[in-house]
Amino acid sequence: MATYGAKYGRGGPLRAAGHSGFTPIPADFPGQNFPFRREIEGYQKSKFLGFTTSELADLDIISERSLKPSDLNNPILPMFRKQKWQASNNPHYPGQFARLSHQSRFGKITGHNLQVWAALKPVLRLATLILNSAHMLPFDALLLGRRSKINKSRIPPQTPANATSGAVWDPDDFYDGWPLESFTKRPRASTPAHFAEAQVARDAVFGQLNRHIRMRLKDVTDDEKGDKVNGSHGLTTPADRRITIYLNIKDIVILLKSSSNDAEKSSTQWFLAETLVHETMHAINFLRQYEPNPPPIMHEPYYQNNIFTELGYEMSQAVFGGVGEAAVPGYEDYRTYFFFWLQTNYPNIVWITARSPNPVLTYPNPVLEALRYPIPISFFENIFQTAFWESGVRRLGMDILHADTTKYGSRATIKRKGDRRRYDYDFTLRRVRDMIVDENRSWLSKTERVARLDSIMNFNPDERKAVLFGQSLSQYNGLVSDYRNLARLLQRAVWDINAHILNPLLPGPLNTGYDQIMMQDLEKACAAHADMISKTLNMEQPTPPGNLPPTSKYPGDAVPVQAPVPPLPPDAQVARTEFIHRRASLLDWNRAMRRYLQILHEQYQPRYPILGQRLHDLRFVRLEHCRMQLYVPGENDAAYAQEAQEMAQIDTAYTNVHDQAQNHLAEISTAHSNFADVDDAAAFTYYALTAVRAATPPAWGLSKDRRLADADEVIAPLSALHTTVVAQAWKDKVKQFHDLAVGARTRILMEP
């Protein structure tokens, strides 16, 4: 079974072969089209609301890269500490996760299991940070805001179809018997005095919860005293004068499995933290059962003018600007979540059509669309970093948590069917690939305003770190978006090239008019490839704003002079790691393009030497410079097998030419023929092995003219490479073979 098939289950056009249908399809290159591309990408779009997995990978939504581990070390709220978690579960779990719960290789999956607790601690710390900051959000309104009865005209006259099974109600009950309420934000709630008041109220509520709450992990089929998770991610129930918060055990298992990568674990930990915050909101409402005269039914209050109430979702909307939703493959045997959406326009018809114990009010009219944005991995990586909270959230406010969503989303429109009050709708999907998230965030506006000032050096250190952090985060999001745009530009250029190659109506392959157009497309594709590499490298390195290197920095390009900006302090940096799999994919494309350019060069050089020279420059200069940016000798050689293999052959040849004990010409000649003459070999491989051949002793059998020609051929290109490459490892390697060729030429000229 294929890698993705083993993790996410089998499906799609190649299901019979063990494939999931979700593996990202690599970008096409000239002369090649990926088989079944249309069928596979159509299947992926049907599963992921118009997105292909290649697009998701370009947007950093799915990734195999290693992430910076969480460094949160804040205290955990007392109500979430280990002693609050039930130490034992039911002895039997009959569901599909039975093998992963009671008798699994991890031991009993409870909060007291050491592995489980280690996986839960980042979740609990993140939930603590969110809840401790909640006095700045509508949580303030829930604790201290004004409450009022819902107008009777807004209460539905009859039990709607979306009511909980068996529920029957009379509007009078909701107005006179146990009235429905709404709550609104306090005026001027952001003043320091109101903050202090909200903190006191928050701490009092958390103290009361700590006395009554208990925490449990439950299997999807675990049923005890009527409490059933029913496949949901969390549940809160009041019973026996206790409030119990449950988290679903299958979400914990994702954190424990060795097959889960860093992105899957980090995103699931965020989702668990969101779920825990969600359930805590319900638990706060259930505290009403401890009042002297508790209501017979503890309906949740409606926030402001909403027609639907769900305090957990209200909190998620306030904190993150939307509600998290897992994107699952949809197979019965799925193993983990693929990525997470953020639904940004709560409450919309998706929630309103769900079964609810609370009435859906008759007006205003519901929102008949659902907006979803896939959440980038960088968001999950950053939110588990202390610097994000210290320099970002504390200084720029909770709105910074809204900012790190992609600019690309999907809109699902819902067509009304029948009586609106029955809430019976047909869902019609309209794919939108370029929806722009509102960027007028308060934190972003503040950062941009500061950036327009002459200098930020007059700010105190904390203010400066906060502003730099905001700029760094904004810069990173822009790089992700730019990368995706460049990937699309590259793909369109390749499609144009392939259309030129395959169209039988166009003149032959050596017609200068059409060939000039194709040459422009080739250069456009290579330029997009170079800029994609530049964006990737900038995403990997915490570059100070203003120090971004210009794109397309190659010999002959005009490079604007920039004044250096002081480095960002560590606690003002966005967490970044190397995109190993993206680099490998870019190297594959680079190699395929080099192969194709070599074929074209052989066709054009004899008859059109000017075009031949342009093709040579693309392959031996631009693409080689790109390759040297992606692969550095000695760094992650295991991930870049072909490049490492070529480098090993080069090093062996260099050693052999200095070994005078025996004739190594055969080995050197074999290496030269294996790598230097093949279509997709790197330019440096060719130059290095040619320099080695020039340095062979006269006794080994190569003619003086042959060796002199070899030396003359490579000295200038190696000198140019040494000037343009950035990585010191490459500079050393290029200099090594440049000096070898120069020394060989001097010795050859001295030969009789």
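Each remark here, short or long, concerns the structure printed above.
This section reports on the structure supplied with the text. Note on numbering: residues in each chain are counted from 1, in written sequence order. Reporting in this predicted model follows two pLDDT cut-offs: at least 70 for local features of residues, and 80 or more for side-chain atom pairs to be given and counted; totals over whole chains, interfaces and linings ignore these cut-offs and use all residues. Only hydrogens and water are set aside when side-chain values are computed; all heavy atoms of the structure are taken into account.

1. Digging into the overall build of the chain
Then, number 1: Counting from the N terminus, the helices are the DSSP runs of H or I reaching at least four residues and the strands are the DSSP runs of E reaching at least two. Looking only at helices and strands, the chain features 23 helices and 13 strands.
Then, number 2: Taking all 752 residues of the chain together, 54% fall into the buried category.
Then, number 3: Working definition of accessibility: Shrake-Rupley area with a 1.4 Å probe, residue cover restricted to the visible protein chains. With an accessible surface of roughly 32600 Å², the chain has 52% of that area assigned to carbon and sulfur atoms. Exposure categories follow from relative accessible area, calculated using a 1.4 Å probe and restricted to protein chains: below 20% of the type maximum is buried, above 50% is exposed, and the middle band is partly exposed.

2. Description of the pairing of strand S2 (residues 181-184)
Then, number 1: Two strands make a pair as long as DSSP finds a minimum of two bridges between them. Sheet analysis places strand S1 (residues 146-149) next to S2, joined by four bridges and oriented antiparallel. Counted as the bridge partner of Ser 148 is Ser 182 from S2.
Then, number 2: The pairing of S2 with strand S8 (residues 302-303) spans two bridges and is classified as parallel. From the neighbouring strand, Phe 183 faces S8, where its bridge partner is Tyr 303.

3. With respect to the packing of aromatic side chains
Then, number 1: Stacked, edge-to-face and tilted labels apply to pairs of Phe, Tyr and Trp rings (six-membered ring for Trp) whose centres lie within 6.5 Å, assigned for plane angles under 30 degrees, over 60, and everything in between, in that order. Enumeration according to the criterion identifies 29 aromatic pairs in this entry.
Then, number 2: Aromatic pair Phe 48 and Phe 338: ring centres 5.0 Å apart, planes at 5 degrees, arrangement stacked. Of this pair, Phe 48 sits in the loop between helix H2 (37-47) and helix H3 (53-58) while Phe 338 sits in the loop between strand S9 (323-327) and strand S10 (339-343); the two residues are 290 residues apart in sequence, bridging distant segments of the chain. Accessibility assignment for this pair places Phe 48 and Phe 338 in one class, buried.

4. Examining the sheet that holds strand S3 (residues 213-218)
Then, number 1: A sheet is described by the order of its strands in space; here three strands give the open sequence S3-S7-S6, paired in mixed fashion. Only two strands of the sheet have a single neighbouring strand rather than two, namely S3 and strand S6 (234-239). Ignoring which end each strand starts from, the neighbouring axes of this sheet average 25 degrees apart.
Then, number 2: Looking at chain direction, S6 and strand S7 (residues 242-248) are connected through six bridges and run antiparallel. Throughout, an axis means a line fitted to C-alpha atoms (over the contacting stretch in the case of helices), and angles, computed between N-to-C directions, take values from 0 to 180 degrees.

5. Focus on the pattern of salt bridges
Then, number 1: A pair is scored as a salt bridge if a Lys or Arg side-chain nitrogen falls within 4 Å of a carboxyl oxygen belonging to Asp or Glu. All chains considered together, the criterion is met by 23 salt bridges.
Then, number 2: Residue Glu 41 pairs with Arg 37 through a salt bridge whose shortest N-O separation is 2.9 Å. Pair noted here: Glu 41 and Arg 37 are both in helix H2, with a separation of four residues, about one helical turn.
Then, number 3: Assessed through its relative accessible area of 10%, Arg 37 is described here as buried.
Then, number 4: A salt bridge links Asp 588 to Arg 591; its shortest N-O distance comes to 3.1 Å. Of this pair, Asp 588 and Arg 591 both sit in helix H17 (residues 580-604), three residues apart, which is roughly one turn of that helix.
Then, number 5: Overlapping salt bridges bring together Glu 55, Asp 58 and Arg 484 as one network.

6. Things to note about the nonpolar core
The nonpolar side chains of a soluble globular protein tend to be buried, and buried together.
Then, number 1: For this analysis, a nonpolar core means a set of buried residues of the types Ala, Val, Leu, Ile, Met, Phe, Trp, Tyr and Cys, connected via side-chain atoms within 4.5 Å. Among the nonpolar cores identified, the biggest contains 90 residues, and Phe 338, Phe 339, Leu 522 and Phe 684 are the most heavily contacted of them.
Then, number 2: With residues near it in sequence (within four places) discarded, Phe 684 still touches Glu 624, Arg 627, Met 628, Met 647, Ile 650, Leu 718, Leu 721, Trp 730, Lys 733, Val 734 and Phe 737.
Then, number 3: Ala 119, Phe 206, Leu 255 and Phe 380 belong to the second largest nonpolar core, which has 74 residues in total. When checking whether two residues touch, look at their non-hydrogen atoms; a contact exists if any pair is within 4.5 Å.

7. Brief notes about the sheet that holds S1
Then, number 1: Sheet architecture is open: three strands sit in the order S1-S2-S8, paired in mixed fashion. Unpaired on one side and paired on the other, S1 and S8 mark the two borders of the sheet.

8. Here's the deal with the environment of Lys 218
Then, number 1: Within the secondary structure, Lys 218 sits in strand S3.
Then, number 2: Note on Lys 218: relative accessible area 0%, which makes it buried.

9. Digging into helix H7 (residues 192-212)
Then, number 1: Between its terminal C-alpha atoms H7 stretches 31 Å, which fits the 30 Å expected from 21 residues at 1.5 Å a residue.
Then, number 2: When H7 is considered as a whole, its buried residues turn out to be His 194, Ala 198, Ala 201, Arg 202, Val 205, Phe 206, Leu 209 and His 212. Down the axis of H7, the buried set is contained in an arc of 140 degrees. They therefore lie on one face. Exposed positions of H7 whose direction lies more than 90 degrees from the buried face are Pro 192, Ala 193, Val 200 and Arg 211.
Then, number 3: Taken together, the buried residues of H7 touch helix H4 (114-132), helix H5 (139-144), S3, S7 and helix H9 (262-286). The span you would expect from a helix comes to 1.5 Å times its residue count less one. In this description, the arc belongs to the directions extending from the helix axis to the C-beta atoms.

10. Examining unusual backbone geometry
Negative phi is the rule for most residues except glycine; trans is the rule for most peptide bonds.
Then, number 1: Residue Pro 364 is bonded to the preceding Tyr 363 through a cis peptide linkage, with omega at 0 degrees.
Then, number 2: The residue Pro 364 is located in the loop between helix H11 (349-352) and strand S11 (369-374) in this model.
Then, number 3: Positive phi values are uncommon outside glycine, yet Leu 49 reaches one of about 55 degrees.
Then, number 4: Along the chain, Leu 49 falls in the loop between H2 and H3.
Then, number 5: Residue class for Leu 49 comes out buried when judged on its relative accessible area of 18%.
Then, number 6: The phi angle at Asp 60 is positive, at roughly 65 degrees, despite the residue not being glycine.

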